[in-house]
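For reference, the chains in residue letters:
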Amino acid sequence: SVTGACQAIQKLTRVRVVDNSALGNTPYHRPPKCIHVYNKNGVGKVGDTILLAIKGEKKKALIVGHKMPGPAMTPRFDSNNVVLIEDNGNPIGTRIKTPIPYILRRREGQFSKVLAIARNFV
Amino acid sequence: SYRISSDGKPAKFQPPPKPVIIDKQKQKEERRFLSPEFIPPRGRTDPLKFYMERKDMIQRRKVFNIPEFYVGHILAVTTANPYASEKASRFVGICIQRGGKGLGATFVLRNVIEDQGVEICYELYNPQIQAIEVLKLEKRLDDNLMYLRDALPEYSTFDVNMKPVSRLDHEEVPVNKLQVRMKPKPWSKRWERPKFNIKGIKFELPEKKMKEAQKWSQPWLEFDMLREYDTSKIEEKIWKEVSEELKK
């Protein structure tokens, strides 16, 4: 095939919204899917922003964990987790129960508000 | 003087029973555990490379205690993390796999936190690791517990604040013969196939499927002489070397 093997989050991956926002938690007949990755290569890892299609709307989101194994000493989650975000980086929800990797703290400036609402760190 | 038995005849002298001396030091010596990453893999590499790696591994072990553990033990690992509060982060989980040889030896810990399964692959000889504690000693029926990803989450949840279960310090490590119940298929791997040789799952599949899975069995593999790798002599040599160095 023309495209190489892709891992982590790319276009059309179904994703699990992890915060307590209304948009992420109300049931819909289609799961939220990624439609664009804001990256040079189309592969999204932890800390990348993506565009999601939820309930017929487009919303930006931040990847907080994926099923693909990363570098050693970093956690690997059993589902592709995502936190809904506005264009300026403010999270839409108010609480994140699921554990978030410590690596996100490196970009404290960009994601300070998301890290502030996170409860558990891994 | 001679004793008289109840019959009235003199009883034959019976010497007192010999005392059984339990030498605890000797018992400890008999129990040997050589960590699997010391055994070099089969190949044509120069043994000097493995010797140098072993020297570095022993150096690290002198400074930092790596306890004896198998797949199925529940461990708590504290790592140095600049982004964590108090600069140290602690993770508790069950060891599902031990891989790698030499200094790159790794082990994967799994736990389910807040309904989210998390797995972390730690490197044994990474200097970021500050402490490894064995919370519960328990071998399982298999060497590789990757099927826990497809099992019900209750089998992978372990309390983060659990207290270490007291060790008996006897010879045997207890084997937990737990048969795990799985989520409905599809699974990440077809665990019922004989290639994985898993004994720790309670397969609730119909017999037809189990028989179909046996089609992929390769019964000639265990008799294949070219695949044999006898590590007993290598283990003896390395055990002597390692134990001498660690005693210094």
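Residues numbered from 1 in each chain as written. Chains lettered and ligands numbered in written order. Predicted model: local features only at pLDDT ≥ 70, side-chain atom pairs only at ≥ 80, totals over all residues. Heavy atoms only, no water.

As recorded by an unreviewed UniProt entry, chain B carries the name Large ribosomal subunit protein bL19m and is attributed to Indicator maculatus. Here chain B is described in UniProt, under the heading Subcellular location (unreviewed entry), as follows: "Mitochondrion". The Sequence similarities (unreviewed entry) comment attached to chain B in UniProt states, word for word, "Belongs to the bacterial ribosomal protein bL19 family." (UniProt positions renumbered as here; feature names shortened; annotations may be inferred.)

By the naming in an unreviewed UniProt entry, chain A is Large ribosomal subunit protein uL14m, taken from Indicator maculatus. According to the UniProt record, the Sequence similarities (unreviewed entry) comment for chain A is "Belongs to the universal ribosomal protein uL14 family." UniProt's Subcellular location (unreviewed entry) comment on chain A is quoted here verbatim: "Mitochondrion".

1. Thoughts on the pattern of salt bridges
Summed over all chains, the structure comprises 16 salt bridges over all chains. A salt bridge links Glu119 of chain B to Arg149 of chain B, with the nearest nitrogen and oxygen atoms 2.8 Å apart. One end of the pair, Glu119 of chain B, is in strand 4 (residues 116-123); the other, Arg149 of chain B, is in the loop between strand 6 (139-140) and strand 7 (175-176), with 30 residues separating them in the sequence. The salt bridge involving Arg140 of chain B is made with Glu138 of chain B; its shortest N-O contact spans 3.9 Å. Exposure class is identical for Arg140 of chain B and Glu138 of chain B. Each is buried. One continuous salt-bridge network, built from bridges that share partners, spans Arg76 and Asp78 of chain A together with Arg110, Glu119 and Arg149 of chain B. (Salt bridge = Lys/Arg side-chain N within 4 Å of Asp/Glu carboxyl O. Helix = DSSP H or I, 4+ residues; strand = E, 2+ residues; numbered from the N terminus. Buried < 20%, exposed > 50% of the residue type's maximum accessible area, 1.4 Å probe, protein only.)

2. Details of a nonpolar patch on the surface
Taken together, Leu48, Tyr51 and Met52 of chain B make up a surface patch of nonpolar side chains, about 300 Å² in accessible area. As for its placement among the helices and strands, Met52 of chain B is situated in helix 2 (residues 47-63). (Patch = residues over 30% accessible without salt bridge, like charges linked within 9 Å, V, L, I, M, F, W, Y side chains within 5 Å. Areas by Shrake-Rupley, 256 points an atom, 1.4 Å probe, with all protein chains shown as cover.)

3. Some points on the sheet that holds strand 5 (residues 75-77) of chain A
If you trace the six strands from one edge of the open sheet to the other, you get 5(A)-4(B)-3(B)-2(B)-1(B)-5(B), paired in antiparallel fashion. Only two strands of the sheet have a single neighbouring strand rather than two, namely strand 5 of chain A together with strand 5 (129-136) of chain B. Strand after strand, the sheet turns through a mean of 35° between neighbouring axes, direction not considered. Summarising the sheet, strand 2 (residues 88-99) of chain B and strand 3 (residues 106-113) of chain B pair through five bridges and their orientation is antiparallel. Bridge pairing in strand 3 of chain B links Gly99 of chain B to Thr106 of chain B. (Pairing = 2+ DSSP bridges. Axes fitted to C-alpha atoms, helices over the stretch in contact; angles between N-to-C directions.)

4. Digging into the interface of chain B and chain A
The partner chain A presents 18 residues to the 22 residues of chain B that form the contact. Of all residues in chain B, Tyr83, Glu114 and Gln116 of chain B bury the most surface against chain A, accounting for 41% of the area lost on that side. Scanning the region where chain B abuts chain A turns up two salt bridges. The interface formed by chain B and chain A contains nine residue pairs in polar contact (both at pLDDT 80 or more). The set of elements that each furnish at least two residues to the side of chain B that touches chain A consists of strand 2, strand 3 and strand 4 of chain B. (Contact = heavy atoms within 4.5 Å. Buried area = accessible area lost by both parts, 1.4 Å probe. Polar contact = N/O pair within 3.5 Å; in protein donor to acceptor, adjacent residues only side chain to side chain.)

5. Remarks on the layout of surface pockets
Of the volumes computed, that of the second largest pocket is approximately 780 Å³. In this structure, the second largest pocket is lined by 36 residues; those nearest its centre are Met73, Pro75, Tyr102 and Val122 of chain A together with Asn81 of chain B. Mapped by element, the contributors of at least two residues to the lining of the second largest pocket are strand 1 (74-80), strand 2, strand 3 and strand 4 of chain B. For the lining of the second largest pocket, the element with the highest residue contribution is strand 2 of chain B, accounting for five residues. Split by residue class, the lining of the second largest pocket holds 23 nonpolar, 10 polar and three charged. (1 Å grid on protein atoms, 1.4 Å probe; cavity = no way out; pocket = protein on both sides within 12 Å on 5 of 7 lines; lining within 4 Å. Points joined across faces, edges and corners; volume = space filled by probe spheres on them. Nonpolar A, V, L, I, M, F, W, Y, C, P; charged D, E, K, R; others polar.)

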